[in-house]
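Results of the structural survey
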Amino acid sequence: MKNETDVRIASQRRRQLRPFDARIEEMPLENLEKLQFRYLKKLVYQVYSFSPHYRERMKANGVHPDDITCLSDITKLPFMYKEDLRNQYPTGLVVSLPEELVRYHVSSGTTGKPTVVAYTQKDIDLWAESVARGLTSIGLGRGDVIQISYGYGLFTGGLGLHYGAERIGATVVPASVGNTEKQIELIQDLEVTAIACTPSYLMHLGEVAQAMGVSIKDDTKLKTAVVGAEPWSEEMRRRLYELYGISAYDIYGTSELSGPLFTECTAMEGFHPWGDIVYCEVLEPESHTQMPDGERGELVVTMLQKEGLPIIRYRTGDISAIHHEQCRCKRTHPRIERLSGRVDDMLIIRGINVFPSQIEHTLLGLSEVGDNFMIEVSRQGVLDALMVKVELPQGFSPDKLEDLITIKRHVERELRNSLNVAAGVELVEFGSLPRFEGKAKRVIDLRETV
Ligand code: DLL
């Protein structure tokens, strides 16, 4: 006869290997909203009681937990900013007891002081659950071999996907970043079916494979990619499919919320944040009013069940739109469109807002240039100057100089049409621009130093 522990382990395994539950993912929206309200109410009482930071902010906003009487009352609550985490470095915003914490993640701090996020076991479980539901929604599961080529360690990408992939019963190859030739060997030898990495690393991997004489399409079983952590476009999705036969799905998250958090489903019509775990709002960045469905604004996220470091109304700075109608995949949880940039990434060139993603979108739509580019912004006299360096495709050798001039003019025209501002174009040899193993950094803004 099985003892109690065996029974518990068996039931845990069953739960782990079956992350899809229609009762949750397809529940009527009004039931989901009732559930969200219950979680919100509990969360607000918890932070008011245990977090001096939230209590002070709520008092300053003139709001008490008793004032939260319906889900839309969330708008009465104060925002949380990355700056708050920096100011309270390292653990000023943690509300759990130290012995309840099972993990810390720390951001790189490349754009300021690092941020520390603390997790209880329940936080880790819900994070894994969220990623697992996403991976399941794109058809991955038992029998898949998933290579995780995000950084493991303090960055949330590697471990976040690792726990999610294990939870769906897939076989994980924890490759982490770098050593690309070895990664390609592993993809072949271990019959990897799916990879998780940044989009720029996936393109790089494809180029290295080609240089090694390996066709990802014909010599490997790789068919699915879960790519995110930086912007990428529909054109890149099309290229990944055409060049490598890979269906690429977007995955989103931030280190403050919990690394990779939600993915697209096979409908590829935006992300599915799981409403029992997160509550998303899309706000007009200045007035903070909620945008109607389908209209773009800043994504603001509340983690409904986080214990270690509660996050209420976190201003992500990312631009998206929300949809409440049921997805084609039948899931009922509100959907978030793929991102179109960041509120603070936006380049202002001669008064015109330009997002690097628009430039990528245009370049990837042109067959006469390659996939790698860099954007340089400088000041010439009093005017901003935008220069885009873009590589020629691999193996391209122009017959005559006029060919290059024609391509350059065509790319400049296309950029001007899509950006509404002139951009100079420099065509450079294939392989001459930097490749990135982690997130790509494609913008160099020289204006502050001029
Ligand atoms: O990049 C977490 C992550 C890891 C997400 C692995 C997906 C996969 P941070 O380093 O804190 O966390 O960066 C978060 O990256 O606010 C966005 O601006 C950007 N970002 C993340 N995912 C996407 C995406 C991780 N799918 C910041 N599309 C976010 C566009 C993205 N931008």
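Reading the values: the criteria
- Residues numbered from 1 in each chain as written.
- Predicted model: local features only at pLDDT ≥ 70, side-chain atom pairs only at ≥ 80, totals over all residues.
- Heavy atoms only, no water.
- Helix = DSSP H or I, 4+ residues; strand = E, 2+ residues; numbered from the N terminus.
- Pairing = 2+ DSSP bridges.
- Right-handed = clockwise from strand over helix to strand, strands pointing away.
- Core = buried A, V, L, I, M, F, W, Y, C linked by side-chain atoms within 4.5 Å.
- Buried < 20%, exposed > 50% of the residue type's maximum accessible area, 1.4 Å probe, protein only.
- Contact = heavy atoms within 4.5 Å.
- Phe/Tyr/Trp six-rings, centres within 6.5 Å; stacked < 30°, edge-to-face > 60°.
- Lys NZ or Arg CZ within 6 Å of the ring centre and 35° of its normal.
- Domains from an automatic or database assignment.
- Buried area = accessible area lost by both parts, 1.4 Å probe.
- Salt bridge = Lys/Arg side-chain N within 4 Å of Asp/Glu carboxyl O.
- Polar contact = N/O pair within 3.5 Å; in protein donor to acceptor, adjacent residues only side chain to side chain.

What follows covers unusual backbone geometry. With an omega of 0 degrees, the peptide bond running from Tyr89 to Pro90 counts as cis. Among the structural elements, Pro90 can be located in the loop between α5 (82–87) and β1 (101–106). Despite not being glycine, Ser258 shows a phi value in the positive range, around 140 degrees. The topology assignment puts Ser258 in the loop between β7 (247–252) and β8 (262–263).

Quick look at the pairing of strand β17 (residues 383–391) now. Pairing of strand β16 (residues 373–380) with β17 involves 8 bridges; the strand directions are antiparallel. Pairing of Met374 across the sheet is with Lys389, part of β17. Between β17 and its parallel partner strand β18 (residues 424–428), the chain crosses via helix α13 (residues 401–419), and the hand of that crossover is right-handed.

Turning our eyes to something else, we now look at the nonpolar core. Counting residues in hydrophobic clusters, the biggest one holds 63 residues, and the most contacted among them are Leu77 and Leu161. When residues of this core are assigned to their parent elements, the largest contribution, 6 residues, is made by helix α6 (residues 121–137). Discounting residues that sit within four places of it in the chain, Leu77 has contacts with Leu40, Val44, Met58, Asn61, Val63, Ile68, Ile312 and Arg313.

Further remarks concern the packing of aromatic side chains. Following the criterion strictly, the structure yields 6 aromatic pairs and no others. Judged by centre distance (5.8 Å) and plane angle (65 degrees), the rings of Phe262 and Phe271 are edge-to-face. By the burial criterion, Phe262 is buried, and Phe271 matches it. By way of ring pairs, the aromatic residues Tyr252, Phe262 and Phe271 are connected into one cluster. The ring of Tyr163 carries the charged tip of Arg103 above its face, separated from the ring centre by 4.8 Å. Directly above the ring of Phe430 sits Arg435, whose terminal nitrogen or CZ lies 5.5 Å from the centroid.

This part takes up the domain arrangement of the chain. Domain parsing of the chain yields domain 1 (4–30 + 118–342) and domain 2 (347–449). On a C-alpha basis, the centres of domain 1 and domain 2 stand 29 Å from each other. On the domain 1 side of the contact with domain 2, Glu207, Glu235 and Arg239 bury the most area, a combined 30% of that side's loss. Note that Arg239 is salt-bridged to Asp371, the shortest N-O span being 2.1 Å. Inspection of the region where domain 1 meets domain 2 yields 11 residue pairs in polar contact (both at pLDDT 80 or more). Mapped onto the side of domain 1 that touches domain 2, the elements with two or more residues apiece are α9 (199–211) and α11 (234–244). In terms of residue count, the dominant contributor to the side of domain 1 that touches domain 2 is α9 (6 residues).

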